[in-house]
Amino acid sequence: MLVLGIESSCDETGIALYDSERGLLGHALHSQVAMHEEYGGVVPELASRDHIRRALPLLQRVLETSGAARTDIDAIAYTQGPGLAGALLVGASIASGLALALERPLIGIHHLEGHLLSPLLAADPPDFPFVALLVSGGHTQLMRVDGIGRYELLGDTLDDAAGEAFDKSAKLLGLGYPGGPAISRMADFGDPNAYQLPRPMLHSKNLDFSFSGLKTAVLTLVRQHPGNVCYQDQANIARAFVDAVVEVLTAKCLAALQQTGLQRLVIAGGVGANAQLREALNAAAQKRGFRVYYPELEFCTDNGAMIAFAGALRLQANPAAATRNYAFNVRPRWPLEELPAA
Ligand code: KG4
Ligand code: ZN
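Since we're looking at a predicted model, the values are computed, not measured.

Novice: Report on helix 2 (residues 44–66), specifying residues and quantitative values.
Specialist: Between its first and last C-alpha atoms helix 2 spans 31 Å; for 23 residues at 1.5 Å apiece the expected length is 33 Å, and the two agree. Along its length, helix 2 shows its largest kink, about 30°, at Arg 54, and proline Pro 57 lies within four residues downstream of that point. The set of residues buried in helix 2 consists of Ala 47, Ser 48, Asp 50, His 51, Ala 55, Leu 58, Leu 59, Val 62, Leu 63 and Ser 66. Those residues of helix 2 that are buried are in contact with strand 1 (2–7), strand 2 (12–19), strand 3 (23–31), helix 1 (33–37) and helix 3 (85–102). Gly 67 sits one or two positions beyond helix 2 and adopts a positive phi of about 65°.

As structure tokens, this is what we get:
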């Protein structure tokens, strides 16, 4: 079964073709980062308009590189939510229009399920059950995953998501948008002993997170340097910030493994691309004897492949999960726990 996946929930247009026998045939991505950069964050209306411009040319490219024709597509999966309403509507309407024209089944995919299952696209995928840490720009959640659609929330952030904290702290340091990769690179040049930032909720005895205080702590440090923060201070603050986030995320992952008795940890979402986090988790895994799985780097952040893949898994498990009613709707707010099991 050949599934077309369309992702448009935020500032990346992602298109992919996944075949349930042959695997991922092709994918293409357009990032709007350069367009939103001058505003310091995503401008929803600009995002929607850009998805309209990009989606069909990207689809054409994926078809060409995959050597497939439109009529080879058996089903169409699109990100139905959560995300920016206007941006989601673009992907949903294009998916529905194509499904209607090609007379193919259509399936709406939960964006976070796409992230959660993306490590299963890798060469050596984990078996169920596993603990998943979902760390993106909008979410920081620990989950127990027993199968497709069988997700139990173990812990959540009480305020900012980890990626949001990266982005806001990077902005305070003048490192641009989105700041995750920039602050991470900068941290490598920082002195780990220069500053100590708090480890929010490290000893909270539950699996919840809180990151908004860290951003305030970064602001306080930045204010201690009137005028321009020099390069070395930027690096030192970045290092203090990254060390704090990584220590908390790692400790909570270990606690989740202990609480569930599981030996497999899956990391998904944009912050999962973070080198310092991977290093800390790999070291902990080696020491404690559990295994940690990551998506391919290019599938950590938003992409169409994870949507096509999640669509294929759901349709394989239950063909009735698709619809031929092309009156689509989107779900900008959509708790993952509301998803049915496959
Ligand atoms: O999963 P994603 O692409 O989009 C959402 O669904 O939110 O995640 C984007 C987030 C941004 O906050 C970005 O700064 C962060 O992931 N990010 C990183 C890295 N790469 C992306 N954060 C830390 N280190 C990175 N290398
Ligand atoms: Zn995402």
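Alright, that's what it looks like, and here's the rest.
Novice: Summarise the coordination of the zinc ion (ligand 2); cite the residues concerned and give the values.
Specialist: Here the zinc ion (ligand 2) is held by the protein donor atoms His 111 (NE2), His 115 (NE2) and Asp 302 (OD), which lie 2.0 to 2.1 Å from it. Each of the 4 donor atoms bound to the zinc ion (ligand 2) contributes to angles spanning 93 to 137°, and the resulting shape is irregular. Along the chain, the residues donating to the zinc ion (ligand 2) fall in the pattern H-x3-H-x186-D. Remark: Asp 302 occurs in the loop between strand 10 (291–293) and helix 10 (305–317) and His 115 occurs in helix 4 (residues 111–117); sequence separation between them is 187 residues. The class for His 115 is buried, based on a relative accessible area of 1%. For Asp 302, a relative accessible area of 13% translates into the label buried.

Novice: Give a detailed account of the site of ligand 1, specifying residues and quantitative values.
Specialist: Taken together, 18 residues form the shell around ligand 1, and within it Gly 137, Asp 167, Gly 270, Asn 274 and Asp 302 come nearest. Gly 163 has a polar backbone atom sitting 3.2 Å from an oxygen atom of ligand 1. Here a nitrogen atom of ligand 1 sits 3.0 Å away from a polar atom, N or O, in the side chain of Asn 274. For ligand 1, whose accessible area on its own is 550 Å², the fraction buried by protein is 86%. Of all the cavities here, the one that holds ligand 1 is the largest pocket. For the shell around ligand 1, the secondary-structure elements that each account for two or more residues are helix 4, helix 5 (162–172) and helix 6 (180–187). It is helix 5 that contributes the most residues to the shell around ligand 1, 3 residues altogether. Taken together, the residues of the shell around ligand 1 break down into 5 nonpolar, 11 polar and 2 charged.

Novice: Quick rundown of the state of the cysteines? Include the residues and the values.
Specialist: For the coordinates displayed, the defined rule picks out 0 disulfides. Cys 300 provides the cysteine sulfur closest to Cys 253, a residue in no disulfide bond, and the two sulfurs are 14 Å apart.

Novice: Could you give an account of the environment of Asp 74, naming the residues involved and the relevant values?
Specialist: Structurally, the position occupied by Asp 74 is in the loop between helix 2 and strand 4 (75–81). The sequence separation of Asp 74 and Met 1 amounts to 73 residues, and the corresponding C-alpha distance is 5.9 Å. Setting aside anything within four residues of it in sequence, one finds Asp 74 in contact with Met 1, Leu 2, Arg 104 and Pro 105. Among the polar contacts listed, one links the side chain of Asp 74 to the backbone nitrogen of Leu 2, at a separation of 2.7 Å.

Novice: Which residues make up the layout of surface pockets, and what values go with them?
Specialist: One simple way to see leftover space: roll a probe sized like a water molecule over the atoms. In this structure, the largest pocket spans a volume of roughly 1400 Å³. Secondary structure elements with two or more residues in the lining of the largest pocket: helix 4, strand 8 (150–156), helix 5 and helix 6. Top contributing element to the lining of the largest pocket by residue count: helix 5, with 6 residues. Looking at the lining of the largest pocket residue by residue, the class counts come to 17 nonpolar, 18 polar and 11 charged. As a volume, the second largest pocket reaches approximately 280 Å³. Lining the second largest pocket are 22 residues; nearest its centre among them are Gln 80, Ile 107, Gly 108, Ala 321 and Trp 334.

Novice: Can you explain the sheet that holds strand 5 (residues 106–110)? Please cite residues and give values.
Specialist: Read across the open sheet, the 5 strands follow the order 3-2-1-4-5; overall the sheet is mixed. With one partner strand each, in any of the chains shown, strand 3 and strand 5 form the two edges of the open sheet. Mean inter-strand twist for the sheet, computed between neighbouring axes without regard to direction, equals 20°. As paired elements, strand 1 and strand 4 share 4 bridges and run parallel to each other. Each residue of the ladder has a partner; that of Gly 5, found in strand 4, is Ala 77. Each of strand 1, strand 4 and strand 5 is contacted by helix 3, which is oriented at about 160° to strand 4, the strand it contacts most.

Novice: I'd like a rundown of the packing of aromatic side chains, residues and numbers included.
Specialist: Tallied over the entire structure, the rule returns 5 aromatic pairs. On the basis of an interplanar angle of 90° and a centroid distance of 5.1 Å, the ring pair of Phe 166 and Phe 241 is categorised as edge-to-face. Note that Phe 166 is positioned in helix 5 and Phe 241 in helix 8 (residues 231–260), a separation of 75 residues in sequence. The ring of Tyr 294 is capped by Arg 278, whose NZ or CZ atom sits 4.3 Å from the centre of that ring.

Criteria and cut-off values
In this numbering scheme, every chain counts its residues from 1 along its sequence in written order. Here chains are named by letter from A upward and ligands by number from 1 upward, in the order in which they appear as written. Only residues with pLDDT of at least 70 get local features here, since the model is predicted, and only at 80 or more are side-chain atom pairs given and counted; chain-wide, interface and lining totals rely on the full set of residues. Note that the side-chain values use all heavy atoms of the structure and ignore hydrogens as well as water. Secondary structure elements are taken from DSSP: a helix is a run of H or I of four residues or more, a strand is a run of E of two residues or more, and numbering for both begins at the N terminus. Multiplying 1.5 Å by the residue count of a helix minus one yields the expected span of that helix. The angle between axes fitted to the seven-residue stretch ending at a residue and the seven-residue stretch beginning at it gives the bend at that residue. Buried means the residue's accessible area, taken with a 1.4 Å probe over protein chains only, is under 20% of the maximum for its type, while exposed means over 50%, and partly exposed covers the values in between. Between two residues, a contact is recorded if the distance between any of their heavy atoms is within 4.5 Å. For Na, K and Ca the donor cutoff is 3.2 Å, while for all other metals N, O and S atoms count as donors only within 2.8 Å; water does not appear among the atoms, so some sites may look incomplete. Here the metal geometry follows the donor angles, with tetrahedral for four donors whose angles all fall between 85 and 135 degrees, square planar for four and octahedral for six when opposite donors are more than 155 degrees apart and every other angle is between 65 and 115, and irregular for all the rest. Proximity is defined per residue: any heavy atom of the residue falling within 4 Å of a molecule or strand makes that residue near it. Here a polar contact means two N or O atoms within 3.5 Å. Within protein one must be a hydrogen donor candidate and the other an acceptor candidate, and residues neighboring in sequence count only if both atoms are side-chain atoms. All accessible areas in this document rest on Shrake-Rupley with a 1.4 Å probe, and a residue is counted as covered only by the protein chains that are shown. Residues are called lining when one of their atoms sits within 4 Å of a cavity or pocket point, these points coming from a 1 Å grid over the protein atoms alone, where a cavity is a set in which a 1.4 Å probe fits but cannot get out and a pocket is an open set with protein on both sides within 12 Å along at least five of seven lines. Think of it this way: a molecule belongs to a cavity or pocket when more than half its atoms come within 2 Å of the grid points there. Side-chain classes follow a simple rule in which Ala, Val, Leu, Ile, Met, Phe, Trp, Tyr, Cys and Pro form the nonpolar group, Asp, Glu, Lys and Arg form the charged group, and the remainder, Gly included, forms the polar group. In plain terms, two cysteine sulfur atoms within 2.5 Å form what is called a disulfide here. Grid points are joined across faces, edges and corners, and a volume is the space filled by probe spheres set on the points. Between any two strands, at least two bridges found by DSSP are needed for them to pair. Lines fitted to the C-alpha atoms define the axes, with helices restricted to the stretch that makes contact. Angles between their N-to-C directions range from 0 to 180 degrees. In this scheme Phe, Tyr and Trp rings, the latter by its six-membered ring, pair at centre separations within 6.5 Å, and the angle between planes marks the pair as stacked below 30 degrees, edge-to-face above 60, and tilted otherwise. Two limits define a charge over a ring: the Lys NZ or Arg CZ must be within 6 Å of the ring centre, and within 35 degrees of the ring normal.

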